[in-house]
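# Coordinate analysis (summary)
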Amino acid sequence: MQRLTTIAEVRAAVGEARRAGGRVALVPTMGALHEGHLALVREAASDADLTVVSIFVNPTQFDRPDDLAAYPRDLEGDEGQLAELGDLAPDVVFAPEVAEVYPRPSVTRVTVRGLTDRLCGASRPGHFDGVATVCTKLFSIVQPDLAVFGRKDFQQLAVIRRVVADLDLPVEVVGAPTVREPDGLAMSSRNRRLGPAERRSALCLSRALRAGVAVARAGRAGGGPIDAVRVANEVGGTLSAAPGVTVDYVEVLDPETLAPPDATSRGQAGDGSPEAQQQLLVAVAADVGPVRLIDNVVLGDTEDEERLLAATS
Ligand code: PAF
């Protein structure tokens, strides 16, 4: 595993692998790695000959300077965790300085309309422009065959997929399941900023989503469609009951369009036939003390529901 800090070095390393016929994978991260990131790296490395993990706290996606300043940074610790992956450790850690990625005031932005109107896009102005722009730059620098992102950042994954589709970028985008602590908390680099009481309160996000799954399952057992309003009320009620938690949003949306399910489709998946399992994204965001956390589940995606329910709190 080698640490590279310049674009030229990364291009040289990737070019060499590619000339040898190798398949290249990229896992973009902002560091402060945890088991969720390591799962992405394992997934990438098991499907590639050369794996690049980028570690770059991207300033253009932070809407609050205090959030950028407080974002945890631990490059040595990150590299230690990656090395422990053994055979599945990445070949390259790309850890550039800000001036390497943004050598001049940049006037070019990648903006994805529509998909960014709601959820985090509504409460973090400019955030997804920053994410879409830096990911497009990373795709251009590394030119990976595949790039792996976590489904915890569901809207981010949808935005990246759309960038790749709209700009005809030759990269396969893979979405990997959310990794949870045994008590249900979705793993996040931000979790390490939670104090003990906040850590307990933070469990309300996954607890609220489980309450949403219970409502959906009761609806399905009764043979009807999922009642999105009831799900939202149940999830919102559970979140609001937790101490020290300020709810940003509770949304029940079509997982494809990230818009409210319309009366006719009601969020149906697949070909829209009556047999197709209805799918609805339930996404939540809340400030727990000073820490902003997000989580989601796709109702009707049995594996996603089961992974969430497997947690015990
Ligand atoms: O999910 C993240 O860590 C970041 O948004 C990403 C995709 C690395 C872009 O900076």
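## Focus on unusual backbone geometry
- Residue aspartate 168 is not a glycine yet carries a positive backbone phi of 55°.
- With respect to the element layout, aspartate 168 can be found in the loop between helix 8 (154–166) and strand 6 (172–176).
- At leucine 258, a residue that is not glycine, the phi angle is positive and equals roughly 55°.
- Structurally, leucine 258 can be placed in the loop between strand 7 (245–253) and strand 8 (280–288).

## Points about the site of the ligand
- Lining the immediate environment of the ligand, one finds Pro28, Thr29, Met30, Asn58, Gln61, Val131, Val134, Cys135, Phe149 and Gln156.
- A distance of 2.6 Å separates an oxygen atom of the ligand from a polar atom in the side chain of glutamine 61.
- The separation between an oxygen atom of the ligand and a polar side-chain atom of glutamine 156 is 2.7 Å.
- Notes on the ligand: free accessible area 290 Å², of which the protein chains cover 89%.
- Mapped by element, the contributors of at least two residues to the shell around the ligand are strand 2 (24–29) and helix 7 (127–142).
- Broken down by element, the shell around the ligand gets its largest block of residues, three residues, from helix 7.

## Some details on the pattern of salt bridges
- Inspection of every chain in the model, using the stated rule, returns 24 salt bridges.
- Between aspartate 67 and arginine 124 there is a salt bridge; the shortest N-O distance is 3.7 Å. Remark: arginine 124 occurs in the loop between helix 6 (119–123) and helix 7 and aspartate 67 occurs in helix 3 (residues 65–70); sequence separation between them is 57 residues.
- Look at aspartate 67 and you get buried, because its relative accessible area is 5%.
- Residue classification places arginine 124 among the buried residues on the basis of a relative accessible area of 9%.
- Residue aspartate 67 pairs with arginine 190 through a salt bridge whose shortest N-O separation is 3.1 Å. A residue pair is termed long-range when its members are at least 10 positions apart, and aspartate 67 in helix 3 and arginine 190 in the loop between strand 6 and helix 9 (196–221) qualify at 123 residues. Arginine 190 matches aspartate 67 in its accessibility class, with the two residues each being buried.
- Three or more residues are tied together by salt bridges with common partners; here these are Asp63, Asp67, Arg124, Arg190 and Arg193.

Reading the values: rules and limits
- Residues numbered from 1 in each chain as written.
- Predicted model: local features only at pLDDT ≥ 70, side-chain atom pairs only at ≥ 80, totals over all residues.
- Heavy atoms only, no water.
- Helix = DSSP H or I, 4+ residues; strand = E, 2+ residues; numbered from the N terminus.
- Near = heavy atom within 4 Å.
- Polar contact = N/O pair within 3.5 Å; in protein donor to acceptor, adjacent residues only side chain to side chain.
- Areas by Shrake-Rupley, 256 points an atom, 1.4 Å probe, with all protein chains shown as cover.
- Salt bridge = Lys/Arg side-chain N within 4 Å of Asp/Glu carboxyl O.
- Buried < 20%, exposed > 50% of the residue type's maximum accessible area, 1.4 Å probe, protein only.

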